[in-house]
Amino acid sequence: MSSIVIESLLHASSTLGQPNKRWHWAFVSIYCSRALLFRTSKDSLHEKAEVSRSPSFVFVDLNSDYCRFKIDQTTLTKLVKEKNVNKLREIGGVDEVASSLEISVKAGIDGDVEDISRRHEAFGSNTYKRPPTNSFFHFVVEAFKDLTIFILLGCAALSLAFGIKEHGLKEGWYDGGSIFVAVFLVIVVSAISNFRQSRQFDKLSKVSNNIRVDVLRAGRRQPISVFEIVVGDVVCLKIGDQVPADGLFLYGHSLQVDESSMTGESDHVEVNCRHPFLVSGTKVVDGYAQMLVTSVGKNTTWGEMMSSISRETSEQTPLQARLNTLTSSVGKVGLAVAFLVLVVLLVRYFTGNTKDENGNREFNGSKTKIDDIVNAIVGIVAAAVTIVVVAIPEGLPLAVTLTLAYSMKRMMADQAMVRKLSACETMGSATTICTDKTGTLTLNQMKVTKSWLGKESFVANAHSIAPHILELFHEGVALNTTGSVFKPSSGSEIEFSGSPTEKAILSWAVLELNMEMEQLTQSCMVLFVEAFNSKKKRSGVLMRRKVDNTSHVHWKGAAEMVLKMCSSYYDASGIIKDLDDGERTKFEKIIEGMASSSLRCVAFAHKRVSEEDNVDGEEHKRLEEDGLTLLGLVGLKDPCRPGVKKAVEDCQYAGVNVKMITGDNVFTAKAIATECGILRPGQDILGGAVVEGEEFRKYTPEERLKKVEKICVMARSSPFDKLLMVECLKQKGHVVAVTGDGTNDAPALKEADIGLSMGIQGTEVAKESSDIVIMNDDFASVVTVLRWGRCVYNNIQKFIQFQLTVNVAALVINFVAAASAGEVPLSAVQLLWVNLIMDTLGALALATEKPTEELMKRRPVGRTEPLITNIMWRNLLAQALYQIAILLTLQFKGESIFRVTKKVNDTLIFNTFVLCQVFNEFNARKLEKKNVFKGIHQSKLFLGIIAITIVLQVVMVEFLKKFANTERLNWVQWCACIGVAAASWPIGWIVKWIPVPHKPFLNYLKMRKIQGLALIFNLIKDGCTQ
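Criteria and thresholds
- Residues numbered from 1 in each chain as written.
- Predicted model: local features only at pLDDT ≥ 70, side-chain atom pairs only at ≥ 80, totals over all residues.
- Heavy atoms only, no water.
- Pairing = 2+ DSSP bridges.
- Helix = DSSP H or I, 4+ residues; strand = E, 2+ residues; numbered from the N terminus.
- Axes fitted to C-alpha atoms, helices over the stretch in contact; angles between N-to-C directions.
- Contact = heavy atoms within 4.5 Å.
- pLDDT = per-residue confidence, 0-100.
- Buried < 20%, exposed > 50% of the residue type's maximum accessible area, 1.4 Å probe, protein only.
- Polar contact = N/O pair within 3.5 Å; in protein donor to acceptor, adjacent residues only side chain to side chain.
- Arc of directions from axis to C-beta.
- Patch = residues over 30% accessible without salt bridge, like charges linked within 9 Å, V, L, I, M, F, W, Y side chains within 5 Å.
- Areas by Shrake-Rupley, 256 points an atom, 1.4 Å probe, with all protein chains shown as cover.
- Salt bridge = Lys/Arg side-chain N within 4 Å of Asp/Glu carboxyl O.
- Lys, Arg positive; Asp, Glu negative; His and termini not counted.
- Charge placed at Lys NZ, Arg CZ, Asp CG, Glu CD.
- Parallel < 35°, antiparallel > 145°, perpendicular 65-115°, else oblique.
- Nonpolar A, V, L, I, M, F, W, Y, C, P; charged D, E, K, R; others polar.
- Phe/Tyr/Trp six-rings, centres within 6.5 Å; stacked < 30°, edge-to-face > 60°.
- Lys NZ or Arg CZ within 6 Å of the ring centre and 35° of its normal.
- Left-handed = near helix turned anticlockwise from the far one by under 90°.

1. Details of the sheet that holds strand 23 (residues 713-715)
Taken together, the eight strands give an open sheet; going across it, the order is 8-26-25-24-9-21-23-22, and neighbouring strands pair in mixed fashion. Where the open sheet ends on each side, the last strands, each with one partner, are strand 8 (416-418) and strand 22 (690-692). Strand-to-strand, the axes of this sheet are offset by a mean angle of 20 degrees, without reference to chain direction. Where helix 25 (residues 719-731) meets the sheet, it contacts strand 9 (432-435), strand 21 (657-661), strand 23 and strand 24 (736-740), and its direction lies at approximately 170 degrees from that of strand 24.

Here's what the structure looks like:
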């Protein structure tokens, strides 16, 4: 009975679908195992009273056959890595590999969820294991390596040792221990900041690595993430693409790849049916193709290499380097002052000029005890160490890190992904922006709005054109394209893929001229293709009709260039006519007319190739380029982006010159530039505002340098022309930002001070060569980047002014007090509180200010302009002098003015000093504007930090007496401190009325130095002659 049931179950499987088959086989396996168990245990049941337990289930591996393919991963991996053509032949060629991977080379994989998961299970995903990111502990260790931290730790150790020596362990550890706590806070804050920055870089890296690629799945061309590619996918490659996985060439023309990233060899490698191997990580430099993916992720050469490489995030920007120099210089001044104070105090002590609390001389020669001398020296050294502590501006590097990290995050939200930190600050100094037209100033949404057959404009439809002309149009569009057409079986809208120009022409041909793409590709054979690139501005194809075995050449490209290749044309009736000079001029006028209406003009031309000229496609290296017959012209409209005119005006108002560099003809370029506001209606070609790339190229170097600044539009330009313009502008002293999207734009993007690539239309080569990726391809986002660049620079300058005011005031106060009274009014802990906690909070408040419209009303910051301007010197010196005057008055007269003890007076000095910085923080918000409160209600973070600072100061004064070495103050004393500190507001307002020269102060000093040296030289010279 059981054998009959089993037999019926086995035969039933042939009528089931794939998913049901798997469960059916599982049931058969379980049933058979149960039946077998029952038979073997039947006899033993009679002999034993106790029934033995049997498993309640049997494990069956359902995936082993389900995930298995006819070819394994090891074979596929070796095939491409070793580039073994013989091994590929043994397998049966590319078609056999495709068959083994169960795909159709014309339709790709099925692409359903089950198929994808099956391929993931068998071959893995297109991701690789990255090296572990640095932990928080790593950044803590890095913070300890900072020279500033070492000095502070040394100070803490000395202060601790001297404090215990002078006051004993119970009381003497406060100063040194407090410094250690403050240093710990610095390390933690620095480590947290760097750790968060590292995590932000990782997020940006994931975004930048998430490339979109076109694949064929179920016959439909669709864009997917590079991480979603599986083995068996058919990937469409074009110029500028990065090969996303290892694979084999299926179909394509003129494909050349740059393998320098893998092999180091700069020569381009041709890939075709004879040499079909494509390696991940390489770049397509010419042609187009479809490839079959054979290995993904860690199984590729690129995956293996990238798994062992970690991204370095410790890039130091030019501004950071300048600030490190500034920090070092200020630190050296502090060391010099500290050494001077040490000498002065030691001399005062040993000459008997210092007295104790009772008015007695501290040093009386041999009568003074050794312990008293040691304690006095310890106090003097501690005072000198305190000055070193205050002299080092620890907040500067932190402020740069904070403002760069903050701006990067906000720029990402504003559709700009920063790839290089230095671009954030450099963009603020940009004086010229060289921008593309298509997709940046325009929407990149092409549509055919005009069409010409002969010299007559016509409404395109299949009935208005002669049948043989219509057939030529169909062939010229369908076979000479890198785009594709997908007609869903469900009857929904037809899908067009490819570049915006290709999609517009395909849409026009299919919807208006009833072109059948699939039928044409089957009825004709493509023999050779010359792919389009930005230099030639045209593409051509040699094809053979299967029905009559005749061969034809079709060209498509920039209208005036294709027109030059033609010697005849088809009129509106489809009759061929000679294209003499008179007729050629008429066509040129038609092209100019369309271009003046902001249309991109594309021409189609055709020529039948005789049998003797018809050679095999692989050997045919050049298509016929003369004696062509002009088929017709089409005009494509690409409207300007909304708001682009205002964005251009904002740049011009900010002192930034905008130049448009385009491959379109001069009339289209001029029309679009006028529409965008780059070109004023009065400017014309004779004025030198509009040039063509060829003309610019022919200028002598001297002529180029003379005329480059006047040029607003460069039409019919090549990538080399763009590079040439960037070089000329840089020679003239400009800081140049360049936008680019093509592979050939890479040299100009690298040469520019700031390279801006396009996130949507940009190739991977262009993105890798750029500093910032504009994610939405919009020129308005370029202006946003400019605004953020200025904001970064401005925020750093605000904080430098605020920081140096603190440093200058504290340094002078401690030096004067130490030299005159033999003691310092601010203890090491109090100074560290001001220097570290205030700096950290101050950096957070001032470094995270958002861009304002005021920033776009200033001229760009030049390359050689100093970081600390005359305006900043005026502001900080005024505030520092006020603070010095007030605090020294309190130091010498405070006890008598307020009738308080010395310790309370020291607390008054400390409290007034901190509150002065709180009020001065408002002054630092606006370097030039008198109204420092403008827009403050929008700076919630700033107001929050001010509130936190005040609360912490109250805690320090009122509750941390021993830690901060303070005494409690009454409300009258608090009011006095607040009143004195608040006076910095009117002082700041008054000072901003004082005009300052534009020329930096340091330049005057250098000039005086040079003049002095010249005078000395002349005196020596005169002495020698006498």
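From this point, the narrative continues.
2. Quick notes on the confidence of the model for the protein
Per-residue pLDDT for the protein averages 80, and the proportion of residues at 70 or more is 80%. Of all helices and strands in the protein, the one with the weakest mean pLDDT is helix 1 (residues 2-12) (43), whereas strand 17 (residues 566-570) scores best (95). When the criterion is pLDDT under 50, residues 1-64 qualifies, and its contacts beyond four places in sequence or with other chains add up to 32 contacts. Long-range and interchain partners of residues 616-620, a stretch whose pLDDT sits below 50, account for eight contacts in this model, where long-range means more than four residues apart.

3. Focus on helix 22 (residues 666-676)
Every buried residue of helix 22 is accounted for by Val666, Thr668, Ala669, Ala671, Ile672, Ala673 and Cys676. On the buried face of helix 22, the contacting elements are helix 20 (581-596), strand 19 (599-609), helix 21 (644-653), strand 21, strand 22 and strand 23. By the N-cap criterion, in which a side-chain oxygen at the helix start approaches the backbone nitrogen of a residue two or three places on, helix 22 is capped by asparagine 665, the distance to phenylalanine 667 being 3.0 Å. Two residues or fewer after helix 22 comes glycine 677, characterised by a positive phi angle close to 90 degrees.

4. Let's talk about helix 4 (residues 73-81)
Of the residues making up helix 4, those classed as buried are Gln73, Leu76, Thr77, Leu79 and Val80. Down the axis of helix 4, the sector holding all buried residues measures 160 degrees, keeping them to one side. Tucked into the core, helix 4 has its buried residues touching helix 5 (85-91), helix 6 (93-100), helix 7 (113-123), strand 4 (246-258), strand 6 (277-278) and strand 7 (283-295). Phi turns positive, to about 50 degrees, at lysine 83, one or two residues after helix 4.

5. Things to note about a positive patch on the surface
Taken together, Arg196, Lys409, Arg410, Lys850 and Lys940 make up a surface patch of like positive charges. Its location among the elements puts lysine 850 in the loop between helix 29 (828-846) and helix 30 (870-898).

6. Focus on the pairing of strand 15 (residues 538-545)
Among the eight residues of strand 15, seven are classified as buried, and the element is accordingly described as predominantly covered. Of the pairings in the sheet, the one linking strand 14 (residues 524-530) to strand 15 comprises six bridges and is antiparallel in character. Bridge pairing in strand 15 links valine 529 to valine 541. Bridge analysis of strand 15 against strand 16 (residues 551-558) gives seven bridges, and the strand direction is antiparallel. In the strand pairing of strand 16, methionine 543 is matched with histidine 552.

7. Focus: unusual backbone geometry
Phi at lysine 83 is positive, roughly 50 degrees, even though this residue is not glycine. Relative to the elements of secondary structure, lysine 83 occurs in the loop between helix 4 and helix 5. The backbone of serine 254 shows a phi angle near 55 degrees, a positive value even though the residue is not glycine. Assignment of secondary structure puts serine 254 in strand 4.

8. A look at the packing of helix 31 (residues 902-924) against helix 32 (residues 940-958)
Remark: helix 31 packs on helix 32, axes separated minimally by 11 Å, with the N-to-C direction vectors making an angle of 180 degrees. By the angle between their directions, the pair helix 31 and helix 32 is classed as roughly antiparallel. Contacts between helix 31 and helix 32 involve Thr907, Phe910, Asn911, Val914, Val918, Glu921 and Phe922 from the first element and Phe942, Ile946, Thr949, Ile950, Gln953, Met956 and Val957 from the second. Of the residues contributing to the contact of helix 31 with helix 32, the split by class is nine nonpolar, four polar and one charged.

9. Describing the pattern of salt bridges
This model, assessed by the stated rule, comprises 32 salt bridges. Put simply, lysine 437 and aspartate 664 hold a salt bridge, and the shortest N to O gap is 2.8 Å. In this pair, lysine 437 sits in the loop between strand 9 and strand 10 (447-453) while aspartate 664 sits in the loop between strand 21 and helix 22, placing the two residues 227 residues apart along the sequence. With respect to class, lysine 437 is no different from aspartate 664; both count as buried. Across the pair glutamate 854 and lysine 934 runs a salt bridge, and its minimum N-O distance is 3.6 Å. Of the two residues, glutamate 854 is situated in the loop between helix 29 and helix 30 and lysine 934 in the loop between helix 31 and helix 32; the sequence distance between them amounts to 80 residues. Using a relative accessible area of 15% as the deciding quantity, one classes glutamate 854 as buried. One network of salt bridges, in which partners are shared, links Lys437, Arg600 and Asp664.

10. A look at the packing of aromatic side chains
Summed over the entire model, instances satisfying the criterion amount to twelve aromatic pairs. Relative to phenylalanine 587, the ring of tyrosine 569 has its centre 5.0 Å away and its plane inclined at 70 degrees; by these criteria the two rings are edge-to-face. Pair noted here: tyrosine 569 is in strand 17 and phenylalanine 587 is in helix 20, with a separation of 18 residues, a long-range link. Seen in terms of ring centroids, phenylalanine 696 and tyrosine 699 are 6.1 Å apart; in terms of plane orientation they differ by 75 degrees. Their pairing is edge-to-face. Taking relative accessible area as the criterion, phenylalanine 696 reaches 0% and is therefore assigned buried. In this structure tyrosine 699 comes out as buried when scored by relative accessible area, which is 12%. Between arginine 118 and the ring centre of phenylalanine 69, over which it is positioned, the NZ or CZ distance is 4.3 Å. Above the ring of tryptophan 555, the side-chain terminus of arginine 538 is found at 5.3 Å from the ring centroid.

11. Remarks on the packing of helix 21 against helix 28 (residues 779-821)
Contact pair helix 21 / helix 28: the axes reach a minimum separation of 9 Å and the direction vectors enclose 30 degrees. For the element pair helix 21 / helix 28, the angle class is roughly parallel. Handedness of the crossing formed by helix 21 with helix 28: left-handed. In contact with Val644, Ala647, Val648, Asp650 and Cys651 of helix 21, helix 28 contributes Phe779, Ala780, Val783, Leu786 and Arg787. Tallied by class, the residues present in the contact of helix 21 with helix 28 amount to eight nonpolar, no polar and two charged.

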